[in-house]
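Chains, contacts and geometry: an overview
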Amino acid sequence: MVQSPPIKLLTQELLDEVAANSRHNPRQRQNYNFHDLSEKVQRFVNVLQPGTYVRPHRHLRPPAVNGFEFFVVLQGELGMIIFNDQGKIIDSFRLSAAGPTRAVELPEGTVHSLVALAENTAILELKEGPYDLGSDKDFLTDFPPEGTAAARELVAIWEAEFKSV
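Report follows, based on the coordinates.

Criteria and cut-off values
Residues numbered from 1 in each chain as written. Predicted model: local features only at pLDDT ≥ 70, side-chain atom pairs only at ≥ 80, totals over all residues. Heavy atoms only, no water. Helix = DSSP H or I, 4+ residues; strand = E, 2+ residues; numbered from the N terminus. Expected span 1.5 Å × (residues − 1). Buried < 20%, exposed > 50% of the residue type's maximum accessible area, 1.4 Å probe, protein only. Arc of directions from axis to C-beta. Contact = heavy atoms within 4.5 Å. Salt bridge = Lys/Arg side-chain N within 4 Å of Asp/Glu carboxyl O. Phe/Tyr/Trp six-rings, centres within 6.5 Å; stacked < 30°, edge-to-face > 60°.

**A closer look at helix 2 (residues 149-163)**
Note: α-helices contain 3.6 residues per turn, so residues at a spacing of three or four share the same orientation. Its 15 residues give helix 2 an end-to-end C-alpha distance of 21 Å, which sits within 8% of 21 Å, the value for a rise of 1.5 Å per residue. Of the positions making up helix 2, those classed as buried are Ala-151, Leu-154, Val-155, Trp-158, Glu-159 and Phe-162. For helix 2, the angular spread of buried residues about the axis comes to 135°, placing them on one side. Exposed residues lying more than 90 degrees from the buried face of helix 2 are Arg-152, Glu-153 and Lys-163. Buried-residue contacts for helix 2 involve strand 5 (77-83), strand 6 (89-96) and strand 8 (111-116).

Here you go:
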């Protein structure tokens, strides 16, 4: 008899555990993968804390790969920022588990960043794989790298923009 894969549950207990790990992570965020990196469908929970810096980036996958990226907010609230190729903000969305907008799907090549607007903000991300660390993200070079004072300043500016709306 062939052993079937285990059933995987997304529980509040799991979200709480990943959230605790995110608070202790210097990046102030933590993933929990439901997939193996080699799988065609990437599905994972990402828990973000206020202050985390997601450097603006886009995904440029091979032509045979469907390059969408789908985000569903499971708890908390985040700001999604969309940039043009020159790094200018062209749109933004507030996504919240309490609605009215709870999810967004970005097409291939969309330059974006995320801002956690509440503690323990948890999102479910879905995208086509397999995951390739070396080519998954194309960062805009005009934005500072993670862990720098300039990155922290940028996050504070973005958070303030969402709080003023």
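**Examining the pattern of salt bridges**
For the structure on display, the rule yields 8 salt bridges. Across the pair Arg-58 and Asp-85 runs a salt bridge, and its minimum N-O distance is 2.7 Å. On the criterion of sequence distance, the pair formed by Arg-58 in strand 3 (residues 57-58) and Asp-85 in the loop between strand 5 and strand 6 is long-range, its members being 27 residues apart. Its relative accessible area of 16% is what places Arg-58 among the buried residues. What you see here is one network of salt bridges that share partners, running through Arg-27, Arg-29 and Glu-146.

**Things to note about the packing of aromatic side chains**
Under the definition given, this model contains 5 aromatic pairs. Ring geometry for Tyr-53 versus Trp-158: centroids 6.3 Å apart, planes at 25°, classification stacked. Taken together, the residues Tyr-53 in the loop between strand 2 (41-48) and strand 3 and Trp-158 in helix 2 connect sequence positions 105 residues apart. On the basis of an interplanar angle of 70° and a centroid distance of 5.3 Å, the ring pair of Phe-83 and Phe-143 is categorised as edge-to-face. Here Phe-83, found in strand 5, pairs with Phe-143, found in the loop between strand 10 (138-139) and helix 2; they are 60 residues apart in sequence, far enough to count as distant. Residues Phe-83 and Phe-143 agree in their burial class; the two are buried. An aromatic cluster is present here, built from Tyr-53, Phe-83, Phe-143 and Trp-158 joined pairwise through their rings.

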